[in-house]
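Residues per chain, in single letters:
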Amino acid sequence: MSDSVSVKRALLSVSDKVGLAELGKALAVRGVELVSTGGTARALRDAGLDVRDVSDLTGFPEMMDGRVKTLHPMVHGGLLSVRDNPDHAAAMVEHAIGAIDLVVVNLYPFQQTVARGADRNEVIENIDIGGPSMVRSSAKNHAFVTILTDPADYDGLLGELEETDGATRLEFRKAMAAKAFAATAAYDAAISGWFNSVDQPAHFPPRRAIASQLATTLRYGENPHQQAALYLPEFSALGTGIAQGEQLQGKELSYNNFNDANAAIELIAEFGAGDPTVVIVKHANPCGVATRSTLLEAWNDALACDSVSAFGGIVATNVPLDGPTAEAICKIFTEVVVAPGADEAARTAFAKKKNLRLLLVDELPDPHRVGFTQVVIAGGLLVQDRDNGHISQDILKVVTKRKPTDQELADCMFAWTVAKHVKSNAIVYAKDGATAGIGAGQMNRRDSSRIAAMKAKEAAETYDWPEPRTVGSAVASDAFFPFADGLLAAAEAGATAIIQPGGSIRDEEVIKAADEAGLAMVFTGMRHFRH
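Being a predicted model, the structure only gives us computed values, none of them experimental.

(A) Representation of the side chain of S449 within the structure. Mapping S449 onto the fold places it in helix α17 (residues 445-463). With relative accessibility at 0%, the residue S449 sits in the buried group. There is a polar contact of 3.3 Å between the side chain of S449 and the backbone oxygen of G486. Setting aside residues no more than four positions away along its own chain, S449 makes contact with I427, Y429, F481, G486, A489 and A490.

Written out as structure tokens, the structure is:
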């Protein structure tokens, strides 16, 4: 196997014609024979280049509306022949098959055709057959053939030819072959996904093919000894979010930054573009949430819930940032701030904090969107629907003798919204549109209740309040109370209303305890475990 292979004949067939004319001219200057098909050949001729039609090479015209043009031994023999194999060389001579040294192919725009809502027949016609066949043949035979599937690699090819006096080196061909097989795999995954969704709409098909593209490598993963990267789905209805945000300043986002910022934006999205709301997240758990008439008030009350945990946290807002709020945020160490915009005063304030990452998103994700989440386990992959479940007040079931007041209902709904985004076991106290205490990730619900109450007590001491904000609050539990102890812990903290899924075999015992404590309690019929 020779390291360097001279490029004397190139076959070009592309849907994306960006850079095509320039590439063709550069190859022609080097004396490379250009062979092409259909629209690609026309584009090259329009650029003033001599082009040999594939039909001239094969002796067959393009037929069946272009479905059959390159699927021919004269093409694939020239791509697949092992040049230093005597039998292959003899077959090429016997059948007058000329070697093809370079193939430049990008495929029919299948994904784009689906995305714009084309009808079935048009989608089917945009399934490329000849293109992937040439790509795979060329990539398989990368010992002798160079394959390009991305216009971004044209300059790399020309640089390679310049350095080697018209040849390509094996390392370059290997890299392009790997990229080519990834391209056809992603293409087939998109087609498979479309067929599964349209013709065999099984929620979980027998085979699930997904494709993603590297957006960037990250400094490291959760810990410095772990490598990490960000990938973007190539064919998905995930919509936009943190991955598409515009970073205006600060250090490169880390794996943990992305993960925490995503937790923050998923929660803030629940509040839409309503009253100004601030979410503060630490280690993917909210540690303070508040809705107020101004963003600055929302920040102050979100911070007051747990100012200790907020240090080094992630902040998200549902409305554009203003100067006063930015100035207040800058008073503590903050890793990332995410918002749907920021005025000049806010940008100026944040610019003073060089390491703070300011990330702007065009819009908040839809909290009710469909989709899947997945977790890698030893030997497998767990896939589930994303938790887009939501409730409204009119489906709540009052189960206690005392009905909640309007304010208690509002606080219940606020607490429930936040609890959905807190790691289980989750307990959230809320009062007047702000979290009063959050207990996350404990092995039992009673401890979560006590931790949340403890944080509320610490906040009262820090801010010199007459009593913790859990007094007169509503408390949300992400899953049912299996025993009355967790509920009683909430009552001890001063909560007056409870919202929980219900469904325990001890519901009657828990309801009885709530009645004896004078609490109002409602069942949602839906739980929100989060692991």
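(B) Up close: the layout of surface pockets. The space that makes up the second largest pocket amounts to roughly 760 Å³. Lining of the second largest pocket is provided by 26 residues; of these, Q111, T149, A183, Q213 and E234 occupy positions nearest its centre. Of all the secondary structure elements, the ones that give two or more residues to the lining of the second largest pocket are β5 (102-106), α6 (110-115), α10 (170-198) and β8 (212-218). Per element, the largest residue contribution to the lining of the second largest pocket is 7 residues, and it comes from α10. Class assignment for the residues of the lining of the second largest pocket results in 14 nonpolar, 8 polar and 4 charged.

(C) Layout of the pairing of strand β12 (residues 285-291). Among the 7 residues of β12, 7 are classified as buried, and the element is accordingly described as predominantly covered. Across 6 bridges, strand β11 (residues 277-282) lies against β12 in antiparallel orientation. Bridging across to β12, V279 finds its partner in V289.

(D) Highlighting the pattern of salt bridges. One pass over the full model with this rule turns up 23 salt bridges. Across the pair R30 and E162 runs a salt bridge whose closest N-O atoms are separated by 2.7 Å. Of this pair, R30 sits in the loop between α1 (20-29) and β3 (33-36) while E162 sits in helix α9 (residues 154-163); the two residues are 132 residues apart in sequence, bridging distant segments of the chain. Residues E33 and R52 are paired through a salt bridge, measuring 3.4 Å at the closest nitrogen-oxygen approach. Of this pair, E33 sits in strand β3 while R52 sits in strand β4 (residues 52-53); the two residues are 19 residues apart in sequence, bridging distant segments of the chain. Taking relative accessible area as the criterion, E33 reaches 29% and is therefore assigned partly exposed. Looking at R52, the relative accessible area reads 25%, which means it is partly exposed. Connected through shared salt-bridge partners, R9, E33 and R52 make up one network.

(E) Quick look at the sheet that holds β5. One open sheet accounts for 5 strands, arranged β4-β3-β2-β5-β6; its pairing is parallel. Looking at which strands have only one partner, the edges of the open sheet turn out to be β4 and β6 (146-148). In the sheet, strand β2 (residues 9-14) pairs with β3 via 4 bridges, with the strands oriented parallel. Bridging from a neighbouring strand, L11 pairs with V35 of β3.

(F) View of α9. All of the buried residues in α9 are Y154, L157, E160 and L161. The buried residues of α9 occupy one face: seen down the axis, they fall within an arc of 125°. The exposed residues of α9 that point more than 90 degrees off its buried face are D155, E162 and E163. Of the surrounding elements, those touching the buried residues of α9 are β2, α1, β5, β6, β7 (167-169) and α10. Looking at the residues trailing α9, positive phi occurs at D165, about 55°.

(G) Representation of the packing of helix α12 (residues 295-305) against α17 within the structure. Between α12 and α17, whose axes approach to 8 Å, the crossing angle comes to 120°. With respect to α17, the axis of α12 lies oblique. Contact residues: α12 offers L303, A304 and C305, while α17 offers K455, A459 and Y463.

(H) Expanded view of the packing of helix α18 (residues 484-492) against helix α19 (residues 507-516). Running from amino to carboxyl end, α18 crosses α19 at an angle of 20°, the nearest separation of the two axes being 9 Å. As judged from the angle between their axes, α18 and α19 are roughly parallel. The two elements α18 and α19 cross, and the hand of that crossing is right-handed. When α18 is examined against α19, the residues A484, L487 and L488 are found in contact with a partner set consisting of E509, V510, A513 and A514. Broken down by class, the residue content of the contact of α18 with α19 amounts to 6 nonpolar, no polar and 1 charged.

(I) Inspection of the pairing of strand β23 (residues 520-523) at higher detail. Neither face of β23 is open: one carries A520 and V522, the other M521 and F523, and all of them are buried. As judged from the 2 bridges shared by strand β18 (residues 397-398) and β23, these two strands associate in the antiparallel manner. In the strand pairing of β23, V398 is matched with V522. Both strand β22 (residues 497-500) and β23 contribute to a ladder of 4 bridges, which runs parallel. Counted as the bridge partner of A497 is A520 from β23. The parallel pair β22 and β23 is bridged by α19, and the resulting crossover is right-handed.

(J) Focus on the nonpolar core. Counting 49 residues, the largest nonpolar core has L12, L27, V75, L102, V104, F110 and L148 as the members making the most contacts within it. Among the elements that make up this core, the one with the highest residue count is α10 (8 residues). Ignoring anything within four residues of it in the chain, the contact list for L148 reads L102, V103, V104, V105, D153, Y154, L157, F172 and M176. Residues A228, A264, I314 and A474 belong to the second largest nonpolar core, which totals 44 residues.

(K) Molecular detail of a nonpolar patch on the surface. Side chains of V375, I377 and L382 sit close together on the surface and give an oily, nonpolar patch of about 260 Å² of accessible area. Within the secondary structure layout, L382 lies in strand β17 (residues 380-385).

(L) Inspection of helix α2 (residues 38-46) at higher detail. Residues T40, A41 and L44 constitute the buried set of α2. Axial view of α2: buried residues confined to an arc of 100°, hence all on one face. Exposed side chains of α2 directed beyond 90 degrees from the buried face belong to R42 and D46. In the stretch just after α2, G48 is the one whose phi turns positive, near 85°.

Cut-off values and rules
Residues numbered from 1 in each chain as written. Predicted model: local features only at pLDDT ≥ 70, side-chain atom pairs only at ≥ 80, totals over all residues. Heavy atoms only, no water. Helix = DSSP H or I, 4+ residues; strand = E, 2+ residues; numbered from the N terminus. Buried < 20%, exposed > 50% of the residue type's maximum accessible area, 1.4 Å probe, protein only. Polar contact = N/O pair within 3.5 Å; in protein donor to acceptor, adjacent residues only side chain to side chain. Contact = heavy atoms within 4.5 Å. 1 Å grid on protein atoms, 1.4 Å probe; cavity = no way out; pocket = protein on both sides within 12 Å on 5 of 7 lines; lining within 4 Å. Points joined across faces, edges and corners; volume = space filled by probe spheres on them. Nonpolar A, V, L, I, M, F, W, Y, C, P; charged D, E, K, R; others polar. Pairing = 2+ DSSP bridges. Salt bridge = Lys/Arg side-chain N within 4 Å of Asp/Glu carboxyl O. Arc of directions from axis to C-beta. Axes fitted to C-alpha atoms, helices over the stretch in contact; angles between N-to-C directions. Parallel < 35°, antiparallel > 145°, perpendicular 65-115°, else oblique. Left-handed = near helix turned anticlockwise from the far one by under 90°. Right-handed = clockwise from strand over helix to strand, strands pointing away. Core = buried A, V, L, I, M, F, W, Y, C linked by side-chain atoms within 4.5 Å. Patch = residues over 30% accessible without salt bridge, like charges linked within 9 Å, V, L, I, M, F, W, Y side chains within 5 Å. Areas by Shrake-Rupley, 256 points an atom, 1.4 Å probe, with all protein chains shown as cover.

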